[in-house]
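What the coordinates show
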Amino acid sequence: MEQEIMQEVIQHFRFPEHLKEEIPYGSGHINDTFRLTFEGETGKPRRFILQRMNKEIFLRPVELMENIVGVTTWLRGKIISNGGDPERETLNLVPAADGNCYYRDSAGDYWRAYLFIEDAVCYNQVEKPEDFYESALAFGHFQRLLADYPAKTLHETIKDFHNTEERFLKLQKAVREDVCKRADKVKDEIAFALSRESLAHTLCRMQKNGELPLRVTHNDTKLNNIMMDRATGKGICVIDLDTVMPGLAVNDFGDSIRFGASTGAEDERDLSKIWCSLELFEAYTKGFLEGCGGSLTHEEICMLPDGAITMTYECGIRFLTDYLSGDTYFKTHREGQNLDRCRTQFKLVADMEQKKQQMYEIIANYANIKQHKCFKTNL
Ligand code: ATP
Ligand code: MG
Ligand code: MG
């Protein structure tokens, strides 16, 4: 059955004629990814990525694809006018036979295809600060190339994704309802979250009143969503554009720090192993600011540490909400895993709060601004 579907799908894209190989590919967790190799006209094989989109997560596949078309077409134009290589520095969709950028198969699944980016790799884990720096540079560059894109025209494919106020309300509701009678066990965590309610409001308010501009955001700024050149190790292309949406640049920055600058696993039980590494924070900040190349506003630069704290806080309250609600959203593999995840996030929040001044100093250094001027609202 699967094989028949594959054949049906492959026929419906504008691929070359002779398929030589088709293999499951990469280590993505969301979509089903395959690499296809065809015989090229000149004898050199031509490769493509084919993906079946996850229909449980992406409920609006056509809107999602419209976002990807909008952003990749824009990036292609910018890369060409900068003298870059548009086949390596952005994703390139392969059209389906009917001219659409996706194909809906007879089982109702949506598929899309990209040119395969050759001679590039992606890493699952930050092994050294330089890798983290490279990913920051690439995400910053992505931000710069899209700085004048009309972000408002993008669909909000996952509603309220970083609406921290909404997430806070959901936590309060879960505490009130306490369906699993777990609230008593986690009084400290609930108190931690509730005492920091202002974190849920600050960035949302600044977005609403226009103090922070709406940007094209990636929303899954992990290391393995950057392809690195195999020979030079340099970040060349931002991939995995499923969650591209209008949002805040500081949130993309913040989520990278939350995940990438932590010294331990997200569900580590020994909290003494968890803190925010300033060395990694610095590597990312340097790369991100360099990549953004002056496209961020003064307010955005000033609010980068708040982005890191808020994203970590938001993630923590989501884990706590899920724990209180009976672990219905995030997959768990052991008892209490969501609570452990919540604790690591809150430990990071507390640690980042302590380190905010040092973060400002790092940012001021790379953004080349006088600290007192930049951060007067925060100090
Ligand atoms: P995630 O778990 O990060 O959400 P996903 O299921 O959404 O992953 P992708 O990140 O889009 O899937 O792709 C999975 C992997 O396939 C990537 O990590 C990368 O190794 C590879 N890949 C994706 N697109 C390309 C491409 N155009 N060229 C080469 N390799 C690619
Ligand atoms: Mg990915
Ligand atoms: Mg993905």
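Residues numbered from 1 in each chain as written. Chains lettered and ligands numbered in written order. Predicted model: local features only at pLDDT ≥ 70, side-chain atom pairs only at ≥ 80, totals over all residues. Heavy atoms only, no water.

**Digging into the packing of aromatic side chains**
Inspection of the entire model under this criterion finds 17 aromatic pairs. Connected via pairs of aromatic rings, a cluster forms that spans F132, F253, F281, Y284 and F288. The side chain of R35 reaches across the aromatic face of F116, ending 5.9 Å from its centre. Lying across the ring of Y323, R182 places its NZ or CZ 4.4 Å from the centre. (Phe/Tyr/Trp six-rings, centres within 6.5 Å; stacked < 30°, edge-to-face > 60°. Lys NZ or Arg CZ within 6 Å of the ring centre and 35° of its normal.)

**Concerning helix α1 (residues 2–11)**
Those residues of α1 not exposed but buried are I5, M6, E8, V9 and I10. Each element contacted by the buried residues of α1 is listed here: β1 (19–24), β2 (32–38), β3 (46–52), β5 (103–104) and β6 (110–115). (Buried < 20%, exposed > 50% of the residue type's maximum accessible area, 1.4 Å probe, protein only. Helix = DSSP H or I, 4+ residues; strand = E, 2+ residues; numbered from the N terminus. Contact = heavy atoms within 4.5 Å.)

**Some remarks on the coordination of the magnesium ion (ligand 2)**
Protein coordination at the magnesium ion (ligand 2) comes from N225 (OD1) and D240 (OD), with a distance range of 2.1 to 2.2 Å. In this structure, the magnesium ion (ligand 2) lies 3.8 Å away from the magnesium ion (ligand 3), the two metals sharing D240 as a donor. With N225 in the loop between β8 (215–217) and β9 (226–229) and D240 in the loop between β10 (235–238) and β11 (245–247), this residue pair connects regions lying 15 residues apart in the sequence. Residue classification places N225 among the buried residues on the basis of a relative accessible area of 4%. (Donors = N, O, S within 2.8 Å, 3.2 Å for Na, K, Ca; no water.)

**Focus on the site of ligand 1**
What surrounds ligand 1 is a group of 22 residues, the closest being H29, N31, Q51, I117 and K222. A distance of 2.8 Å separates an oxygen atom of ligand 1 from a polar atom in the backbone of N31. In this structure, L115 approaches ligand 1 through a main-chain N or O atom, which is 3.0 Å from a nitrogen atom. In the complex, 96% of the free accessible area of ligand 1, which totals 620 Å², lies under the protein chains. Elements supplying a minimum of two residues to the shell around ligand 1: β3 and β6. (Near = heavy atom within 4 Å. Polar contact = N/O pair within 3.5 Å; in protein donor to acceptor, adjacent residues only side chain to side chain. Areas by Shrake-Rupley, 256 points an atom, 1.4 Å probe, with all protein chains shown as cover.)

**Details of the pattern of salt bridges**
Per the stated rule, a full pass over the model turns up 28 salt bridges. For the salt bridge of D32 with R52, the shortest nitrogen-to-oxygen distance reads 3.0 Å. One end of the pair, D32, is in strand β2; the other, R52, is in strand β3, with 20 residues separating them in the sequence. D32 sits in the partly exposed class, given a relative accessible area of 36%. (Salt bridge = Lys/Arg side-chain N within 4 Å of Asp/Glu carboxyl O.)

**Considering the side chain of N67**
Assignment of secondary structure puts N67 in helix α2 (residues 61–81). A residue is classified by how much of its surface remains accessible, and N67, at 2% relative accessible area, is buried. One polar contact links the side chain of N67 to the main-chain amide nitrogen of H155, over a distance of 2.8 Å. A polar side-chain atom of N67 sits 3.2 Å from the main-chain carbonyl oxygen of V244. Other than its neighbours up to four places away in sequence, N67 contacts L154, H155, T157 and V244.

**Looking at the nonpolar core**
Ranked by size, the top nonpolar core spans 88 residues in total, and within it V71, I257, Y313 and L320 carry the most contacts. With 10 residues, helix α10 (residues 304–324) is the largest single contributor of residues to this core. The two domains that each donate at least three residues to this core are domain 1 (2–117) and domain 2 (129–374). Setting aside residues up to four positions removed in sequence, L320 forms contacts with L171, V186, E189, I190, A193, C342 and F346. Counting residues in each nonpolar core, the second largest holds 16 residues, with I5, M6, F15 and L36 among its members. (Core = buried A, V, L, I, M, F, W, Y, C linked by side-chain atoms within 4.5 Å. Domains from an automatic or database assignment.)

**Points about the sheet that holds β10**
Strand order in the open sheet formed by three strands is β7-β9-β10, and the pairing between neighbours is antiparallel. For this open sheet the edge positions go to β7 (120–121) and β10, each flanked by a neighbour on one side alone. In this sheet, β10 lies alongside β9 in antiparallel orientation, the contact comprising three bridges. Looking at β10, one finds that M227 is bridged to C237. Running at roughly 115 degrees to β9, helix α3 (residues 129–145) makes contact with β9 and β10 of the sheet. (Pairing = 2+ DSSP bridges. Axes fitted to C-alpha atoms, helices over the stretch in contact; angles between N-to-C directions.)

**Topic: the domain arrangement of the chain**
Domain boundaries in the chain define domain 1 (2–117) and domain 2 (129–374). The centre of domain 1, based on its C-alpha atoms, is set 29 Å off from the matching centre of domain 2. Counting residues at the interface gives 22 residues for domain 1 and 23 residues for domain 2. Summed over both sides, the interface of domain 1 with domain 2 buries roughly 2100 Å², with 63% coming from carbon and sulfur. When the buried surface of domain 1 facing domain 2 is broken down by residue, N67, V71 and W74 rank first, second and third, together holding 29% of it. The salt bridge partner of D148 is K78, with a shortest N-O separation of 3.2 Å. For the pair domain 1 and domain 2, the number of links is eight residue pairs in polar contact (both at pLDDT 80 or more). Tallied by class, residues from the side of domain 1 that touches domain 2 come to nine nonpolar, six polar and seven charged. (Buried area = accessible area lost by both parts, 1.4 Å probe. Nonpolar A, V, L, I, M, F, W, Y, C, P; charged D, E, K, R; others polar.)

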